[in-house]
Amino acid sequence: MKSNETGQDQNIEPEKTYSRRTILKSAGIGSLGVIIGASGLGGVISARESASNSAKANKNTIPFYGKHQAGIATTKPALLYFASFDVKTESRAELIEMLKDWTKAAAAMASGEMIGGTQNSVYLPPEDTGEAAALDTANLTLTFGVGPTLFKKNGKNRFGIAHKLPQELKKLPAFSLDALDKDWCDGDLCVQVCSDDAQVNFHAIRNLVRIARGKAILKWSQEGFQGKNNPHTKNETPRNLFGFKDETVNLSPEKKMDFDKHVWVQSGDGPNWLTGGSYLVVRRIQMHIEVWDRTALGEQEKTFGRHRITGAPLGKEKEFSDLGLDRKDEAGNFVIPVNAHARQAHGKGDQPLYRRSFSYSSGMAANTGTLDAGLFFMCFQRFPSKQFIPVQKRLGQSDKLNEYITHRGSAIFACLPGIRKGGWIGETLFS
Amino acid sequence: MNKNIKILSILTLTGTLLFGCTQENEKNNQSKEKEEAQSGMSAKEQKRIVTEYREYAINELDQFVEKTTAFTDAVKAGDVEKAKKLYAPARMHYERSEPIAESFADLDPKIDAREGDVPKEDWTGYHRIEKGLWVDNSADGVKDYADQLKKDVHVLRSKVETVDITADVLVTGAVDLLNEVSTSKITGEEDRYSHTDLYDFVANVDGAKEIFKLFKPTVEKKDEKLAKTIDKRFDNLYGLLEKHKDGDGYVSYTKLKKDEVQELSRAVNELAEPLSQIGIALEG
């Protein structure tokens, strides 16, 4: 976009497009006169401006519109930014307007475009905050969901949709050992933003928050990551922060039949507005890293029921080998201990979940000085009552891993069906 | 420091006031005139707005001088209690007219710098005296600063007539007032010794509202919904501030609970976002 740099006088007044204050904030007051007069300033700014106008290298895009929302069956990229919102407005029309604005913005961002196109009025703040301009789209997906409190809160039918609340969309029951902090729980709306670029993720959340301002507020949010080297070509099971492979046994989006059976809500399951959607359960699970790190390898492996390096079930060599839960050692004990995580999670094998978790690290826990890190567990399913809930009940009671983890956050959302072109997020729910 | 710097984005001053009239400034003035000629609001209407705003600001600064004089007199008389009472209400006039008041890069820091904003030996003005009154609970060490402050506000008032304001400056100024609130006042950093931040807070909102009032008829014509949203959010913010009233004034900032501060902070941001759109009034 060289032409822009030379032709800037017509369209762009650099000193106005970018607030001089912003630029000068970092400079000392004494040098102000010098800076303003300096001829280099305009050049610096116009170079930035032309970058944001340039066609974006949006190679890695995942379609926003479709039968199902992106971000569920699509490949899990490196980074997550999850946000839960509370709706503040009491007006159904305002909420719908916000969802429509979100749709427009999300569709633009997912295709690597600027929100609102390239609007450049010198009198107004730019519609797009701009930090993702010219960045690769990085497989960005935005997945929207609604929580039970959107339908009814404190007995109030907030937006005239109380009768549309699915039976499966209920606040999760209390599980043994839960130590939930309300600052990490629930929400009226959620958005799961995933991509391979932290700045692309931040840009997405930031703009949604901005669009929502006055109508919905950010209730809580969490960033996450996973350590796949090359997430889009090498399909290797990621490791959690305890160093173990996590999600070895998982439903695969490649098996459409499984997804129809266990992940996508089917017509007739409940209110039809959710057909093609899915229930998302989110748990913020703190891992007591320091405690784990002084646990002997044998004990660690018994805790998971798997070998650390290979991920193979104890006593086996290959990661994807059958767990062989009946196997006993010479002393007559199960090779995979009774309370091992793999055994307890597996149960009878009839509660399959589609997990799509990320690790998180949020600096230091202020009260203890330990690392605040863990697993941001997410799973999608067709029936929480038959899938996540019984599994977690069992884990809460019998999982040896409980010695090393604490569940701090919890939420359930109904992830809306896919959005048709020209449609909007929540259209089936509000029409 | 950021307050001092703000001037450059807000005002084009007459040459004698600041750095001297550079060519760059000259160019800016010309292009501004050109823009205004093409913009949505007629030049006449812009002039009217600017005149009205000038009257408002000058009136506020008149009161500021008067109340500052009473304040500094109390300090010099060693009447700590009286000075403490006069401190926050006097400052409100300054905070209301901040887009103009702080445009004097030489005077603003003298009057309103907070501790650490300027080198220690140069620190004078309201906050310096605030520290004496509230931390030392005495006027003894700050009487000279009171003399200086009184002088500085008088100079400010005498210079204010010369400020050249344009309509787009006011557009920026309205949001800047709220930005001040959301960056420093909301954290209780402004009046860190007296904890009278809510007075400054309210005054900044008043100042923004005054500017919005001037643009409202044009904004309404262009985007009725936007004007309504802004009105609604001003009401919401004032409603929340009302909860913290205490007699004629406001409670100490230290009395606010964490979630109350968060609530106020959100309300400011919720207002500032649509307010940042009032520039449409100037568009062709």
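Residues numbered from 1 in each chain as written. Chains lettered and ligands numbered in written order. Predicted model: local features only at pLDDT ≥ 70, side-chain atom pairs only at ≥ 80, totals over all residues. Heavy atoms only, no water.

Asks: Mind laying out the overall build of chain A, listing which residues take part and the relevant values?
Replies: Broken down by element type, chain A carries 14 helices and 11 strands. Counting the 431 residues in chain A, one finds 51% classified as buried. The contacts in chain A between residues at least 6 apart in sequence include a share of 77% that link residues at least 24 apart. Only carbon and sulfur atoms are counted for the fraction: they give 52% of the accessible area of chain A, which is about 19,400 Å². (Helix = DSSP H or I, 4+ residues; strand = E, 2+ residues; numbered from the N terminus. Buried < 20%, exposed > 50% of the residue type's maximum accessible area, 1.4 Å probe, protein only. Contact = heavy atoms within 4.5 Å. Areas by Shrake-Rupley, 256 points an atom, 1.4 Å probe, with all protein chains shown as cover.)

Asks: Provide a residue-level description of the overall build of chain B, including the pertinent values.
Replies: A tally of helices and strands in chain B yields 12 helices and 2 strands. Its helices and strands taken in sequence order, chain B reads α-α-α-α-α-α-α-α-α-α-α-β-β-α from the N to the C terminus. For chain B, buried positions account for 55% of its 284 residues. By sequence separation, contacts in chain B at least 24 residues apart represent 78% of the contacts at least 6 residues apart. Put simply, chain B shows about 12,200 Å² of open surface, and 48% of that area lies on carbon and sulfur atoms.

Asks: Give me the lowdown on the nonpolar core, citing residues and values where you can.
Replies: Residues and elements named next belong to chain B. Phe201, Phe215 and Leu275 are the most contacted members of the largest nonpolar core, which totals 81 residues. Looking at this core element by element, the count peaks at 12 residues for helix α10 (residues 197–222). Discounting residues that sit within four places of it in the chain, phenylalanine 201 has contacts with Val181, Lys185, Ile186, Leu237, Leu241, Leu264 and Val268. (Core = buried A, V, L, I, M, F, W, Y, C linked by side-chain atoms within 4.5 Å.)

Asks: Which residues make up the pattern of salt bridges, and what values go with them?
Replies: All names here are of chain A. Taken as a whole, this structure holds 47 salt bridges over all chains when the rule is applied. Between glutamate 247 and lysine 76 there is a salt bridge, with its nearest N and O atoms 3.3 Å apart. Here lysine 76 lies in the loop between α6 (40–53) and β1 (79–87) and glutamate 247 lies in the loop between β6 (216–225) and α9 (256–262), a separation of 171 residues in the sequence. By relative accessible area, glutamate 247 is classed as buried at 14%. (Salt bridge = Lys/Arg side-chain N within 4 Å of Asp/Glu carboxyl O.)

Asks: So what about the UniProt feature "domain: Imelysin-like" (unreviewed entry) in chain B? Which residues, and what values?
Replies: The feature "domain: Imelysin-like" (unreviewed entry), as annotated in UniProt, sits at residues 49–277 of chain B in this numbering. End C-alpha to end C-alpha, residues 49–277 of chain B measures 17 Å, and it is 72% helix and 2% strand. (UniProt positions renumbered as here; feature names shortened; annotations may be inferred.)

Asks: How would you summarise the side chain of asparagine 402 of chain A if you had to cite specific residues and measurements?
Replies: All names here are of chain A. Along the chain, asparagine 402 turns up in the loop between α13 (388–398) and β11 (405–415). According to the relative accessible area criterion, asparagine 402 is buried, its value standing at 17%. When residues no more than four places from it in sequence are discounted, the contact partners of asparagine 402 are Leu177, Leu395 and Gly396.

Asks: Could you give an account of the UniProt feature "domain: Dyp-type peroxidase C-terminal" (unreviewed entry) in chain A, with specific residues and numbers?
Replies: In this numbering, the UniProt entry assigns the feature "domain: Dyp-type peroxidase C-terminal" (unreviewed entry) to residues 237–418 of chain A. Taken as a whole, residues 237–418 of chain A contains 20% helix and 23% strand, while its terminal C-alpha atoms sit 27 Å from one another.

Asks: An account of unusual backbone geometry is needed here, citing residue identities and associated values.
Replies: Excluding glycine, most residues fall at negative phi; most peptide bonds, likewise, are trans. Residue and element names in this part refer to chain A. In the Ramachandran plot, asparagine 154 falls in the positive-phi region, its phi being about 50° despite a non-glycine side chain. Tracing the backbone shows asparagine 154 in the loop between β3 (152–153) and β4 (156–157). Positioned with a positive phi, aspartate 186 is a non-glycine residue whose angle comes to about 60°. Along the polypeptide, aspartate 186 turns up in the loop between β4 and β5 (189–195).

Asks: I'd like to hear about the packing of helix α4 (residues 80–96) of chain B against α10 of chain B, residue by residue, with values.
Replies: All names here are of chain B. Here α4 crosses α10 at 30°, and the two axes come no closer than 8 Å. On the basis of their axis angle, the class for α4 and α10 is roughly parallel. Crossing hand, α4 versus α10: right-handed. Residue-level inspection shows Ala88, Pro89, Arg91, Met92, Glu95 and Arg96 of α4 in contact with α10, the latter providing Tyr199, Asp200, Val202, Ala203, Asn204, Asp206 and Gly207. Taken together, the residues of the contact of α4 with α10 sort by class into 6 nonpolar, 2 polar and 5 charged. (Axes fitted to C-alpha atoms, helices over the stretch in contact; angles between N-to-C directions. Parallel < 35°, antiparallel > 145°, perpendicular 65-115°, else oblique. Left-handed = near helix turned anticlockwise from the far one by under 90°. Nonpolar A, V, L, I, M, F, W, Y, C, P; charged D, E, K, R; others polar.)

Asks: If you had to explain the pairing of strand β9 (residues 358–364) of chain A to someone new, which residues and values would you point to?
Replies: Residue and element names in this part refer to chain A. Where β9 meets strand β10 (residues 371–381), 5 bridges bridge the pair, whose relative direction is antiparallel. Along β10, the bridge assignment pairs serine 361 with alanine 373. Counting the residues in the hairpin turn of β9 and β10 gives 6 residues, including glycine 369, whose phi is positive at 80°. (Pairing = 2+ DSSP bridges.)

Asks: Kindly report on the packing of aromatic side chains, identifying the contributing residues and their values.
Replies: Counting across every chain of the model gives 31 aromatic pairs over all chains. With a centroid separation of 5.7 Å and an interplanar angle of 85°, the aromatic rings of tyrosine 199 of chain B and tyrosine 250 of chain B are classed as edge-to-face. In this pair, tyrosine 199 of chain B sits in helix α10 while tyrosine 250 of chain B sits in strand β2 (residues 249–250), placing the two residues 51 residues apart along the sequence. The same class applies to tyrosine 199 of chain B as to tyrosine 250 of chain B, namely buried. Clustering of aromatic rings is evident, with ring pairs tying together Phe64, Phe71, Tyr87, Tyr94, Tyr126 and Trp134 of chain B. Residue placement shows lysine 76 of chain A over the ring face of phenylalanine 358 of chain A; its charged tip is 5.0 Å from the ring centre. The ring of phenylalanine 334 of chain A has arginine 343 of chain A lying over it, and the distance from NZ or CZ to the ring centre is 4.3 Å. (Phe/Tyr/Trp six-rings, centres within 6.5 Å; stacked < 30°, edge-to-face > 60°. Lys NZ or Arg CZ within 6 Å of the ring centre and 35° of its normal.)

Asks: How would you summarise the environment of phenylalanine 383 of chain A if you had to cite specific residues and measurements?
Replies: All names here are of chain A. Mapped onto the secondary structure, phenylalanine 383 falls in the loop between β10 and α13. For phenylalanine 383, a relative accessible area of 18% corresponds to the buried category. Taking the C-alpha atoms as reference points, phenylalanine 383 and alanine 296, 87 residues apart in sequence, are found 38 Å from one another. In contact with phenylalanine 383, not counting residues within four places along its chain, are Glu168 and Asp269.

Asks: So what's going on with helix α12 (residues 258–275) of chain B? Which residues, and what values?
Replies: With 18 residues, α12 of chain B extends 26 Å between its outermost C-alpha atoms, agreeing within 8% with the 26 Å of an ideal straight helix rising 1.5 Å per residue. For α12 of chain B, the full list of buried residues reads Leu264, Ala267, Val268, Glu270, Leu271, Ala272, Glu273, Pro274 and Leu275 of chain B. Buried residues along α12 of chain B sit in contact with α8 (198–212) and β6 of chain A together with α9 (167–185), α10 and α11 (224–242) of chain B. (Expected span 1.5 Å × (residues − 1).)

Asks: Break down the confidence of the model for chain A for me, with residues and values.
Replies: The predicted model of chain A averages 87 in pLDDT, with 84% of residues at 70 or higher. A low-confidence stretch, residues 1–55 of chain A (pLDDT under 50), is modelled with 65 contacts involving residues beyond four sequence positions or located in other chains. (pLDDT = per-residue confidence, 0-100.)

Asks: So what's going on with the pairing of β10 of chain A? Which residues, and what values?
Replies: Residue and element names in this part refer to chain A. With 10 of 11 residues buried, β10 lies mostly within the body of the structure. Bridge count for strand β7 (residues 278–287) against β10 is 8 bridges, and the pairing is antiparallel. Along β10, the bridge assignment pairs leucine 280 with phenylalanine 380. The pairing of strand β8 (residues 354–355) with β10 spans 2 bridges and is classified as antiparallel. What sits directly across from tyrosine 354, in β10, is phenylalanine 380.

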